[in-house]
Amino acid sequence: MNAPLPSSGKQLCPGGKPPRRAFFRLLTGALGAAATGLLTLPMLGYFFGRRHRPAMWVPMGDLSDFPLNETRTINFDNPLRQPWDGMTSMTGVHVRYQGKNDAGDEQFLVLAANCAHLGCPVSWFPQSGLFMCPCHGGVYYENGERASGPPPRGLFHCVWRVKEGKLEIEAPHYPTLHDTLTESLES
Amino acid sequence: MYQLLRKLAHWIDARAGVSATLWPMMRHPVPRSIDGPMGWWYVFGSASMTFLLIQILTGIGLSMVYVPAADQAYESLLYLDYQQPWGWFLRSLHYYAGSGMVVMLLVHMTQVFLQGSYKYPRELTWVVGVLLLACTMGMFFTGQILRWDTDAYWGLAVGASMAGRVPVLGPEIVHTLLGGDIIGASSLSRFFALHVFIIPGALLTFLGIHLWLVLRCGISAPPKPGEIVDPKTYDATYHEELKRGVPFFGDALLKDIFFSALAVTIVVVIAAVVGPKGPTEPPDPTLAGANPRPEWPFLWLFGLLSLSPPAIETFIMLVFPVLVLGALFFVPFVSNRGERAPSRRPAAVLLVIVIYTTLGVLTYEGVQAPWSPVMDAWSGDPVPVNLVEGRTPLELQGAAVFQFKNCRNCHALEGIGGRRGPDLTTIGASLTRDQLITQISNGTPGGGNMPAYGKQMSPAEMEATVAFLISLRPDGQLPAGAVEDAPVEGTTPQPVELTE
Ligand code: FES
């Protein structure tokens with residue numbers, strides 16, 4: 001490298017690197033950083049980004065489908081699906097009509113089927129008025145409150161509304177302990 | 001022709017330096033005693049590698065038919081099982097060779113630990129080995145997800161819920177893991193990428209490093225009691241030993257080949273006889289009766305988790321596995337010198353015994369899973385006839401209520417039914433009427449294992465149930481508690497204030 005180059009005849013600067021080489025190093029470093037950043041940011045966006053979609057509402061049925069104080073299990077195709085989800089996007093919720101409140105509004109209780117413990121599907125037992133989880137024996141009362149077993153809380157509530165005489169719920173994502181379905185309402 | 005090929009080989013070799021590099025590696029000397037019977041201890045690592053080779057071959061084969069898309073994966077598995085020539089065998093072999101790989105890794109690690117082979121200068125070899133174990137477990141978990149049936153779906157749900165417990169970052173991790181808002185096509189594709197590209201890439205890299213380290217540090221000599229490892233003198237002694245060594249490419253390799261061939265034969269026979277695992281029900285989340293079980297290498301964790309109090313659960317899910325891995329990493333740094341022979345290291349031997357016993361017991365519990373209710377016991381398992389024979393109408397009614405209120409899902413009668421709560425076949429002999437009412441009404445205090453049934457049944461139903469439970473006692477035995485307090489058979493006691 002340091003062999004004298006007869007043609008150029010360039011001299012080393014005394015006591016330092018040639019400024020051109022130092023500059024080139026700096027340039028290489030900066031360009032490398034820029035290239036890395038340009039490469040990394042879109043990749044991160046691809047791997048960790050979230051697709052934002054407007055809230056989607058799923059019809060559960062006519063109001064008359066839900067007798068007072070009875071729990072109905074409704075299965076539906078979750079619109080949060082991918083086109084090639086197949087049967088995997090089928091989702092169940094437990095709907096209970098609780099009558100009208102003082103203001104005369106219909107009151108519903110819509111509970112996600114996923115156990116608040118580790119997400120297994122709870123089943124509704126009308127005879128005893130309990131939800132039971134097959135995995136570790138979590139049990140909930142009909143109002144979704146925890147009755148016994150390992151779940152740290154009651155069942156997750158879905159967001160619902162009544163529109164044109166129909167009950168609709170907001171398409172539920174997979175609920176977890178720190179990412180419930182009613183985040184916006186609870187806070 | 002032969003001459004031409006020879007020339008070609010030489011031509012390539014002269015440029016690529018294959019024999020110059022590989023030949024010394026193959027001929028590298030190993031301690032002489034490995035040539036003897038002690039050498040049989042050294043066959044497990046290569047057996048794991050042989051299984052890995054099978055996994056690569058069968059994996060590539062399966063990937064040519066399997067469709068990693070949520071709407072077709074299940075169908076393609078059935079196609080593999082029933083239509084594709086030998087598809088069932090490849091699936092089966094992929095499962096059992098994978099299991100064999102885990103077993104061989106564990107045996108290999110245990111041997112290395114017991115014989116102190118991880119000590120100086122092979123600490124790093126051990127650490128990379130632990131990474132290999134972690135990768136293999138990762139392969140097992142992701143592989144189970146690719147078997148896209150109802151167990152896979154709910155296994156993924158449980159895994160996501162565990163990850164979701166991570167403070168602050170939980171929701172982001174779940175989203176990244178599932179590749180979207182719900183468990184579905186993106187989740188399967190992510191696990192496919194993990195199982196086929198990401199983890200195998202890491203695994204093969206670590207394997208390369210592991211092998212390089214094995215070559216560089218040499219194979220440890222079988223331990224002799226009293227032969228102390230001292231980093232200052234070890235290298236010189238070891239080199240002396242190698243001068244008297246035998247080439248690896250000889251009987252040592254022969255033992256490896258023999259054992260691997262044996263292991264492969266066994267696994268092939270098992271795969272052919274037992275057949276492929278699953279798929280079970282299709283991955284329809286609305287199907288009732290889901291009862292996901294983790295694959296066998298994780299059953300111990302399932303058991304540990306289910307047996308631990310809910311208060312420390314999150315710790316066991318998130319921190320404990322890290323601690324276990326950390327502890328394994330740390331092994332060579334706790335002691336990298338001193339005795340190697342198991343006979344001089346009773347603590348190490350004891351540790352291995354304790355660990356395997358614990359794993360065994362927890363795995364057994366995980367298989368039994370007494371904490372899982374039997375969801376259809378209330379309707380599927382009738383009350384044994386001899387428990388209702390000669391009972392009063394009230395008691396008979398109680399038996400009906402007992403079934404109808406799903407008590408049976410957690411409580412067995414004569415061993416049949418759920419085992420989450422105690423078997424109630426003789427409960428009348430141990431709990432008094434009052435105790436029974438309190439227990440049923442309030443459940444386990446503080447919301448433990450039994451829900452409070454106080455509001456779930458009417459006083460009349462409670463009355464009947466208690467009467468039935470009191471009648472459950474061995475022949476000739478009086479009800480528990482004061483005799484005059486107990487309801488006499490055949491009478492209908494007045495309903496008392498029952499609840500709250
Ligand atoms: S997932 Fe329901 S109790 Fe554990």
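Here the structure is a predicted model, which means the values were calculated and not measured. All residue numbers refer to positions counted from 1 along the written sequence of the respective chain. Whichever chain is written first is A, and whichever ligand is written first is 1; the rest continue in order. For this predicted model, a pLDDT threshold of at least 70 governs which residues receive local features, and a threshold of 80 or more governs which side-chain atom pairs are given and counted, while totals over whole chains, interfaces and linings are taken from all residues. Only hydrogens and water are set aside; all other atoms, that is, all heavy atoms of the structure, feed into the side-chain values.

### So, the interface of chain B and chain A
Inference 1: Only heavy atoms enter the contact rule, under which two residues are in contact if any of them lie within 4.5 Å. Taken together, the contact between chain B and chain A spans 61 residues of the former and 55 residues of the latter.
Inference 2: Both faces considered, chain B and chain A share a buried interface measuring about 4,500 Å² in area, 59% of it formed by carbon and sulfur atoms.
Inference 3: Contact with chain A buries area across many residues of chain B, yet B:Asp181, B:Ile182 and B:Met375 alone supply 13% of it, more than any other trio.
Inference 4: Should a side-chain nitrogen of Lys or Arg be within 4 Å of a carboxyl oxygen of Asp or Glu, the pair is scored as a salt bridge. In this assembly, chain B and chain A are joined by 2 salt bridges.
Inference 5: Its salt-bridge partner being A:Arg50, residue B:Glu172 comes within 3.4 Å of it at the nearest N-O pair.
Inference 6: Under the rule applied, a polar contact is a pair of N or O atoms within 3.5 Å (in protein, one hydrogen donor and one hydrogen acceptor; residues adjacent in sequence only if both atoms are side-chain atoms). At the junction of chain B and chain A, the tally comes to 25 residue pairs in polar contact (both at pLDDT 80 or more). Buried area is understood as the total, over both parts, of accessible area removed when two parts are fitted together, assessed with a 1.4 Å probe.

### Focus on a nonpolar patch on the surface
Inference 1: On the surface, a nonpolar cluster with roughly 750 Å² of combined accessible area is contributed by B:Trp40, B:Phe258, B:Leu262, B:Ile266, B:Val269, B:Ile270, B:Val273 and B:Val274.
Inference 2: Put simply, DSSP marks the helices as runs of H or I at least four residues long and the strands as runs of E at least two long, and each gets a number from the N terminus on. Along the polypeptide, B:Trp40 turns up in the loop between strand S1 (29–30) and helix H3 (44–63). Only residues whose relative accessible area exceeds 30% and that form no salt bridge are eligible for patches; like-charged ones are grouped when within 9 Å, while nonpolar side chains (Val, Leu, Ile, Met, Phe, Trp, Tyr) are grouped when within 5 Å. Every accessible area reported is derived by Shrake-Rupley at a probe size of 1.4 Å, with residue values counting cover from the shown protein chains alone.

### Some words on the pairing of strand S4 (residues 106–112) of chain A
Residue and element names in this part refer to chain A.
Inference 1: For each residue, the accessible area found with a 1.4 Å probe, counting protein chains only, is set against the maximum for its type, and the residue is called buried under 20%, exposed over 50%, and partly exposed in between. Within S4, 6 of the 7 residues are buried, which leaves it mostly tucked inside the rest of the structure.
Inference 2: One bridge is not enough; two strands pair if DSSP finds at least two bridges between them. As judged from the 6 bridges shared by strand S3 (residues 90–100) and S4, these two strands associate in the antiparallel manner. Following the sheet pairing, Arg96 is matched in S4 by Leu109.

### Some words on the domain arrangement of chain A
How big an interface is tends to be stated in terms of accessible area lost as the parts join.
Inference 1: Note: domain ranges come from an automatic or database domain assignment. Here chain A is partitioned into domain 1 (14–48) and domain 2 (57–186).
Inference 2: Computed from C-alpha coordinates alone, the two centres of domain 1 of chain A and domain 2 of chain A are separated by 53 Å.

### Remarks on the domain arrangement of chain B
Inference 1: Domain annotation of chain B identifies domain 1 (14–368) and domain 2 (377–499).
Inference 2: Put simply, the middle of domain 1 of chain B and the middle of domain 2 of chain B, counted by C-alpha atoms, are 49 Å apart.

### Points about the sheet that holds S3(A)
Picture the strands of a sheet paired through backbone hydrogen bonds; they go either parallel or antiparallel.
Residue and element names in this part refer to chain A.
Inference 1: Taken in spatial order, the 3 strands line up as S2-S3-S4 in an open sheet, and their pairing is antiparallel. In this open sheet, the two strands that pair with only one neighbour each are strand S2 (71–77) and S4. Across the sheet, the mean angle from the axis of one strand to that of its neighbour is 35°, orientation sign disregarded.
Inference 2: Where S2 lies against S3, 7 bridges are found, and the strand directions are antiparallel. When the sheet's bridge partners are listed, Phe76 is paired in S3 with Thr91. Angles shown run from 0 to 180 degrees and are taken between the N-to-C directions of axes, each axis being a line fitted to C-alpha atoms and, for helices, limited to the stretch in contact.

### Section: unusual backbone geometry
Excluding glycine, a negative phi dihedral is what most residues carry, and trans is how most peptide bonds are arranged.
Residue and element names in this part refer to chain B.
Inference 1: Going from Tyr120 to Pro121, the amide bond is cis rather than trans, its omega being 0°.
Inference 2: Here Pro121 lies in the loop between helix H5 (87–114) and helix H6 (123–146).
Inference 3: Positioned with a positive phi, Trp86 is a non-glycine residue whose angle comes to about 65°.
Inference 4: With respect to the helices and strands, Trp86 occurs in the loop between helix H4 (73–82) and H5.
Inference 5: Since its relative accessible area comes to 58%, Trp86 is described here as exposed.
Inference 6: Although it is not a glycine, Ala369 adopts a positive phi angle of roughly 45°.
Inference 7: Among the structural elements, Ala369 can be located in the loop between helix H14 (346–368) and helix H15 (377–380).

### What about the environment of B:Ala236?
All names here are of chain B.
Inference 1: Its place among the elements puts Ala236 in helix H10 (residues 234–243).
Inference 2: Ala236 gets classed as exposed once you look at its relative accessible area, which sits at 52%.
Inference 3: For the pair Ala236 and Ala341, spaced 105 residues apart in sequence, the C-alpha to C-alpha distance is 20 Å.

### Looking at the state of the cysteines
Residue and element names in this part refer to chain B.
Inference 1: By convention in this document, the label disulfide applies to cysteine sulfur atom pairs within 2.5 Å. In this structure the tally under the stated criterion is 1 disulfide over all chains.
Inference 2: Considering cysteine sulfurs only, Cys410 is the nearest to Cys407, which forms no disulfide, with 8.9 Å between them.
Inference 3: For Cys410, a relative accessible area of 15% corresponds to the buried category.

### Structural notes on the packing of aromatic side chains
Inference 1: Stacked, tilted and edge-to-face are the three classes assigned to paired rings of Phe, Tyr and Trp, where Trp is represented by its six-membered ring and a pair needs centres within 6.5 Å; plane angles under 30 degrees give stacked, over 60 edge-to-face, the rest tilted. Inspection of the entire model under this criterion finds 28 aromatic pairs over all chains.
Inference 2: Between A:Trp124 and A:Phe131 the ring centres are 4.7 Å apart and the planes differ by 50°, which places this aromatic pair in the tilted class. Each member of the pair, A:Trp124 as well as A:Phe131, is classed as buried.
Inference 3: Ring geometry for B:Tyr120 and B:Tyr234: centres 6.1 Å apart, planes at 85°, overall edge-to-face. Linking B:Tyr120 in the loop between H5 and H6 with B:Tyr234 in helix H10, this pair joins segments that are 114 residues apart in sequence.

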